[in-house]
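# Coordinate inspection notes
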Amino acid sequence: MALWAERTRLCRDLEAGASTECRIGAVGNDVNEWLTAEAVTWRHLLSVRPTATPAQLRMSLPGNRALVERGLEMVSVFDDERLDDECRRMLVAEPVGDYLFAVADIQMKVIDHERVLLEGPTVDGQFSVIDVRSPRVLEQAMSYWNAVLASAFGCGTERAEAVHLSERQERVVDLMQQGMTDEAVARHLRVSVRTVRSEVARILETLEVRSRFSAGFRLGRGEARTD
């Protein structure tokens, strides 16, 4: 992924003392304190966090709640496959803030559409966070954000297995999961390509998603593919 490759380059430049695009924000145990101090100035936050433990959420959620109540616009996404049930319950119970589940591999924060926070290099055996102010990295971060958002659904939303699809819609989904194009699905079902695409549109509407990827993810069957 372009964002991860860029992050690797930035870390390498930092270690060589040659970076002009970013700085190390904090290291190890100082990261949480640094983020808390920084966050009071934020107006807008897009956060992707692949995983978390209940202990981590017990520490971070009250602070997030206070920031949102003070006016921070925040959307926070966690990887759907990596959270345990306790973490899910905690996120669902949050009264403020937009928390979503999605496919999310890289941890990052986009601050005020200006800065990107990423995992930094190891410093004296401890993890770090880098503060990046680069238009190129911001563009890559937003591309990653949009890809994550395409598979996202709100915490507390019922999984799509509970949504009723017609028998033919179920068959269309199954065939797409096998990697068939719309044309191949149409031939298999002996219907027109227009009919297949119409069914796909109804499936997306029923599942309240915008893409075939999101539909496959919501159904728990992987990514739906097409030409």
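A quick note: this is a predicted structure, and the numbers were derived from the prediction, not measured.

## Here we look at the pattern of salt bridges
This structure, assessed with the given rule, holds 19 salt bridges. A salt bridge links Glu 21 to Arg 9; its shortest N-O distance comes to 2.6 Å. Of this pair, Glu 21 sits in the loop between α1 (2–15) and β1 (22–27) while Arg 9 sits in helix α1, and the two are 12 residues apart along the sequence. For Arg 9, a relative accessible area of 22% gives the class partly exposed. Its salt-bridge partner being Glu 199, residue Arg 202 comes within 3.7 Å of it at the nearest N-O pair. With Arg 202 and Glu 199 both in helix α8 (residues 193–207) and three residues apart, this pair spans about one turn of that helix.

## Some thoughts on the packing of aromatic side chains
In this description, a pair of aromatic rings is defined by centroid distance and the angle of the planes. Counting across every chain of the model gives one aromatic pair. Arranged with centres 6.0 Å apart and planes meeting at 70°, the rings of Phe 101 and Phe 153 form a pair that is edge-to-face. Here the residue Phe 101 occupies a position in strand β4 (residues 98–102), and Phe 153 occupies one in strand β8 (residues 153–154), the gap between them amounting to 52 residues. Exposure class is identical for Phe 101 and Phe 153. Each is buried. We note Arg 7 situated over the ring of Trp 4; from NZ or CZ to the ring centre the distance is 4.5 Å. Geometry around Phe 101 places Arg 88 over its ring, the cationic atom sitting 4.6 Å from the centre.

## Describing the packing of α1 against helix α5 (residues 135–150)
Contact pair α1 / α5: the axes reach a minimum separation of 9 Å and the direction vectors enclose 145°. Of the two possible hands of crossing, α1 and α5 adopt the one that is left-handed. Here Ala 2, Leu 3, Glu 6, Arg 9 and Leu 10 of α1 come into contact with α5, specifically with Arg 136, Val 137, Gln 140, Ala 141 and Tyr 144. Looking at the contact of α1 with α5 residue by residue, the classes come out as six nonpolar, one polar and three charged.

## What about the sheet that holds strand β7 (residues 128–132)?
Spatially, the eight strands line up as an open sheet ordered β1-β7-β6-β5-β2-β3-β4-β8, and their pairing is mixed. In the strand order of this sheet, the two ends are held by β1 and β8, each with one partner. Where strand β6 (residues 115–119) meets β7, four bridges bridge the pair, whose relative direction is antiparallel. Residue pairing in the sheet places Leu 118 in a bridge with Ile 130 of β7. Strands β1, β5 (108–111), β6 and β7 of the sheet are contacted by α1, whose axis makes an angle of about 80° with β6. In the packing of helix α2 (residues 30–39) onto the sheet, the strands contacted are β1, β6 and β7, and the crossing angle to β1 comes to about 115°.

Basis of the calculations
- Residues numbered from 1 in each chain as written.
- Predicted model: local features only at pLDDT ≥ 70, side-chain atom pairs only at ≥ 80, totals over all residues.
- Heavy atoms only, no water.
- Salt bridge = Lys/Arg side-chain N within 4 Å of Asp/Glu carboxyl O.
- Helix = DSSP H or I, 4+ residues; strand = E, 2+ residues; numbered from the N terminus.
- Buried < 20%, exposed > 50% of the residue type's maximum accessible area, 1.4 Å probe, protein only.
- Phe/Tyr/Trp six-rings, centres within 6.5 Å; stacked < 30°, edge-to-face > 60°.
- Lys NZ or Arg CZ within 6 Å of the ring centre and 35° of its normal.
- Axes fitted to C-alpha atoms, helices over the stretch in contact; angles between N-to-C directions.
- Left-handed = near helix turned anticlockwise from the far one by under 90°.
- Contact = heavy atoms within 4.5 Å.
- Nonpolar A, V, L, I, M, F, W, Y, C, P; charged D, E, K, R; others polar.
- Pairing = 2+ DSSP bridges.

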